[in-house]
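Topology and contacts: notes
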Amino acid sequence: MASDPHLARRAVDTKWLTALLSLATVAILMLGAVGVSLHSGLSVAMAPVFRHATTASNLQRADRLPPVKVSREGDVIRSRIEQLADDGHGTTPFTHVMVRLARASGDPRARETSVNKGTAEATISAAAVPVAPDRASIAVAASAAGETLPPEIRFGTSQLAPSAQASAFVSEAAPDSFALPGEPINLTVIAKAAGAIGTERRIIVARSGDTLDGMLTALGVTVQDAGAITKLLKPHSWFGRAAFAGGEVVTVLQDRAQDPAQDRARPQQVSLAREGKPERAAALSDNGTYVAVAPQPDAAAVAPNAAKDDVALDRSAPGVKLRESLDRLAQDNRVPPSLVDDIVRLCGRDVDLEAMTSALDTAELLYSPNAEGEPELAFAALTLDGHHHRYYRFTAPDDGGIDYYDADGHSVTASLIHKPVANGRLGDGFGWRVHPILQDRRFHEGVDYAAPFGSPIAAAGAGVVEKIDQEAGYGKYVRIRHDFGYETTYAHISGMPRGLKVGTRIRRGQTIGYVGSTGLSTGPHLYYELRVNGHYADPLLTHLPAGRVLDGDALTAFQQARTGTDLLLQASARSAGSSR
């Protein structure tokens, strides 16, 4: 029987359809298997994402800025600053300390050992001792920090913010970079620093007449580098003259580990700032030359007193006696004991040392090493109940006397000398007596000191010679009008030093005569007399300020020195604020 062609074509179409359906079923099953695997908790293998810690070896050049030398010890802020030495060779280091008095005692966080000798200062704080924490505490701390800090702080300004997850962490022994095909082009190789960042920040405040190149060479910068930096930072169009007017702040970043074979490390960056003027900065480029760069913003420029505010935030701090708080600074070695003694001596007449301190009471010190390397107080200030007491060390240009003065130029340290003759023996005192020569009862308006003939007599206080004369009763005598308004008289003397005359400015303790027996006298002795507002007073019982009150050229010189000290304090506060 012949086959029907229509039936044959229909059979072929059925087979093709069956095969197509089989393939579709297999494809659906495969896609289902893939979908189940993706939702079953398995992860697709990906290339590892490594994260390195930000250290000195992987920071870019502009980010290798060191921490400012500011030591925060509980309630104490300590910073370092420098000034060009008087001879122009080297610098004089200053240490600036700010402390909250109400918390100066009883705070275990502030227990530390501080060693001060010359320009070297080492501070060991309990909070600064490295302790190996457990992994759980690290994880908690990292999680808390990650939720609050921006990526720039968490990972560095030259690091991109990481992805939400990192699939691997690099071991400390892992290489800093991985080999790439081809030849590296335009890359700078920076040697890895050993340990901490090897760069130090030095802040120098200019005085009137200082020059930028002179300040840089005093820091050990070569003449060539100093000249190149000066051309970039100090064009004549900015300040109008080569020398500084005073108060300019120069910040130098030097890499101590740059090249151990070199005696002098080249500055990595130098910036020059002055109030009311734009800040300028120069940085060392990769080819070894200095170029002008944009200065990095300074947090302290926004709030120059932020560091001072930090020491007075806790208004609930318990109060302690002022004397106890100051003594605690010395006992905990946070301030050299000799400086605490100086502060107590300076403020003894201005404040009550037994008064209780409040949470906002602060003390401030500025000191530097003397010729023997011992700390010497240059400035001290106390803020008590909102009242400010400031004391400046100053050397008078006319007589060379060194003393401490308040902001108005009044001496605050010296008190009236009760015994002008060092080896004298007290005889008749102040009051009624029978005169040894006249043999009548009369009031003795001074005191007598018996002493060997020719013994030197010291001025009881600073002042001006008002009278040099000789009378029947007094014999030869010298009268001094002191700066605080009272007068002292020294009688029965044998003579005066050469050059002493009426109008001569004398300082406390200066020799103004020699013991004699002129006038009505039974033997060599000094008659010492005190008059206050025209009335006689007992010089042994009267406590009067005996220092100098500056005026004229001396006052002008003091005001200039005071301004220089204030500039040092402001620059120090800026450096402390920049570490916030």
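Residues numbered from 1 in each chain as written. Predicted model: local features only at pLDDT ≥ 70, side-chain atom pairs only at ≥ 80, totals over all residues. Heavy atoms only, no water.

This part takes up the overall build of the chain. When its secondary structure is counted, the chain shows 11 helices and 27 strands. Within the chain, the proportion of its 580 residues that are buried is 39%. Surface accessibility of the chain: about 32200 Å² in total, with carbon and sulfur atoms responsible for 56%. (Helix = DSSP H or I, 4+ residues; strand = E, 2+ residues; numbered from the N terminus. Buried < 20%, exposed > 50% of the residue type's maximum accessible area, 1.4 Å probe, protein only. Areas by Shrake-Rupley, 256 points an atom, 1.4 Å probe, with all protein chains shown as cover.)

Once that is clear, we can look at the sheet that holds strand 25 (residues 511-515). The antiparallel open sheet is built from 3 strands, whose spatial order is 19-25-23. Either end of the sheet is taken by a strand with one partner, and the two such strands are strand 19 (456-458) and strand 23 (493-495). Looking at each pair of strands side by side, their axes are set apart by 55° on average, direction ignored. Both strand 19 and strand 25 contribute to a ladder of 3 bridges, which runs antiparallel. Residue pairing across strands places Ala 458 opposite Thr 511, the latter belonging to strand 25. (Pairing = 2+ DSSP bridges. Axes fitted to C-alpha atoms, helices over the stretch in contact; angles between N-to-C directions.)

We now examine the confidence of the model for the chain. Low pLDDT marks stretches whose predicted atomic positions should not be read closely. In this model, the chain carries a mean pLDDT of 74, and residues with pLDDT of at least 70 account for 66%. Scored below 50 in pLDDT, residues 50-70 makes 57 contacts in the model with residues more than four places away or belonging to other chains. The low-confidence segment residues 107-149, where pLDDT is below 50, has 50 contacts with residues more than four positions distant or belonging to other chains. (pLDDT = per-residue confidence, 0-100. Contact = heavy atoms within 4.5 Å.)

When we look at burial in helix 9 (residues 322-331), the residues that qualify are Leu 322, Ser 325, Leu 326, Arg 328, Leu 329 and Ala 330. On its buried side, helix 9 packs onto strand 3 (91-100), helix 10 (337-347) and strand 12 (375-384). Positive backbone phi, at 60°, marks Asn 333, one or two positions downstream of helix 9.

Here we come to the pattern of salt bridges. In the structure shown here, the tally under the stated rule is 17 salt bridges. Among the ionic pairs, Arg 202 bridges to Glu 82, the shortest N-O distance being 2.6 Å. Separated by 120 residues along the polypeptide, Arg 202 in strand 6 (residues 199-205) and Glu 82 in strand 2 (residues 76-84) bring together distant segments of the chain. Accessibility assignment for this pair places Arg 202 and Glu 82 in one class, buried. Its salt-bridge partner being Arg 390, residue Asp 566 comes within 3.2 Å of it at the nearest N-O pair. (Salt bridge = Lys/Arg side-chain N within 4 Å of Asp/Glu carboxyl O.)

Further remarks concern the environment of His 482. For His 482, the location among the structural elements is in strand 21 (residues 475-482). Spatially, the C-alpha atoms of His 482 and Val 464 are 6.4 Å apart, while their sequence positions differ by 18 residues. Within the structure, the side chain of His 482 is placed 2.6 Å from the side chain of Thr 488, a separation counted as a polar contact. (Polar contact = N/O pair within 3.5 Å; in protein donor to acceptor, adjacent residues only side chain to side chain.)

What follows concerns the pairing of strand 26 (residues 525-532). Of all 8 residues in strand 26, 7 are buried; the element is thus mostly enclosed. Sheet analysis places strand 18 (residues 446-450) next to strand 26, joined by 5 bridges and oriented antiparallel. From the neighbouring strand, Asp 448 faces strand 26, where its bridge partner is Tyr 527. Bridging between strand 22 (residues 487-491) and strand 26 involves 5 bridges; their strand directions are antiparallel. In the sheet register, Thr 489 faces strand 26, and the bridge partner there is Glu 529. Between strand 26 and strand 27 (residues 535-537), which pair antiparallel in sequence order, lie 2 residues; one of them, Asn 533, sits at a positive phi of approximately 55°.

What follows deals with the packing of aromatic side chains. Scanning all chains against the criterion turns up 10 aromatic pairs. Where Phe 394 meets Tyr 405, the ring centres are 6.0 Å apart and the plane angle is 75°; that geometry is what we call edge-to-face. One end of the pair, Phe 394, is in strand 13 (residues 387-395); the other, Tyr 405, is in strand 14 (residues 402-405), and 11 residues separate them in sequence. With relative accessibility at 7%, the residue Phe 394 sits in the buried group. Aromatic side chains Tyr 405 and Phe 558 sit 5.7 Å apart centroid to centroid with 55° between the ring planes, which places their arrangement in the tilted category. One end of the pair, Tyr 405, is in strand 14; the other, Phe 558, is in helix 11 (residues 552-577), with 153 residues separating them in the sequence. Classification of Tyr 405 as buried rests on a relative accessible area of 2%. Taken together, the ring pairs in this structure connect Phe 379, Tyr 392, Phe 394, Tyr 405 and Phe 558 into an aromatic cluster. (Phe/Tyr/Trp six-rings, centres within 6.5 Å; stacked < 30°, edge-to-face > 60°.)

Let's shift gears to the nonpolar core. As a rule of thumb, nonpolar side chains are buried together in soluble globular proteins. In terms of nonpolar packing, the biggest core is built from 27 residues, with Leu 101, Leu 326, Ile 343 and Leu 377 touching the most fellow members. Breaking this core down by element, the ones donating at least two residues are strand 3, helix 9, helix 10, strand 11 (362-369) and strand 12. Counting 25 residues, the second largest nonpolar core, distinct from the first, contains Leu 416, Val 478, Tyr 486 and Tyr 528. (Core = buried A, V, L, I, M, F, W, Y, C linked by side-chain atoms within 4.5 Å.)

With that settled, the discussion passes to the environment of Ala 265. You can see Ala 265 is positioned in the loop between strand 7 (249-255) and strand 8 (267-273). For Ala 265, a relative accessible area of 22% puts it in the partly exposed group. For Ala 265 and Asp 255, which are 10 residues apart along the polypeptide, the C-alpha to C-alpha distance reads 6.2 Å.

What follows covers unusual backbone geometry. You will see that Asn 333, though not glycine, has its phi angle at about 60°, which is positive. As for its placement among the helices and strands, Asn 333 is situated in the loop between helix 9 and helix 10. By relative accessible area, which is 33% here, Asn 333 ends up partly exposed. Within the chain, Asn 533 stands out as a residue other than glycine whose phi angle is a positive 55°. Along the polypeptide, Asn 533 turns up in the loop between strand 26 and strand 27. Looking at Asn 533, the relative accessible area reads 66%, which means it is exposed.

Axes are the key here: two packed helices are described by the angle between their axes and the distance separating the axes. Running from N to C, helix 9 and helix 10 point in directions that differ by 160°, and their axes come no closer than 8 Å. When the axis of helix 9 is compared with that of helix 10, the two are roughly antiparallel. The handedness of the crossing between helix 9 and helix 10 comes out as right-handed. In this structure, helix 9 contributes Arg 323, Leu 326, Asp 327, Leu 329 and Ala 330 to the contact, and helix 10 contributes Pro 337, Val 340, Ile 343 and Val 344. (Parallel < 35°, antiparallel > 145°, perpendicular 65-115°, else oblique. Left-handed = near helix turned anticlockwise from the far one by under 90°.)

Turning our eyes to something else, we now look at helix 5 (residues 223-233). Of all the residues in helix 5, the buried ones are Asp 225, Ala 226, Ile 229, Thr 230 and Leu 233. With its buried residues spanning 130° around the axis, helix 5 presents them on a single face. In helix 5, those exposed residues whose orientation departs by more than 90 degrees from the buried face are Val 223, Gln 224 and Lys 231. (Arc of directions from axis to C-beta.)

A few words on a nonpolar patch on the surface. A cluster of nonpolar side chains, namely Trp 16, Leu 17, Leu 20 and Leu 21, defines an oily patch on the protein surface of about 450 Å² accessible area. Its location among the elements puts Leu 20 in helix 1 (residues 5-38). (Patch = residues over 30% accessible without salt bridge, like charges linked within 9 Å, V, L, I, M, F, W, Y side chains within 5 Å.)

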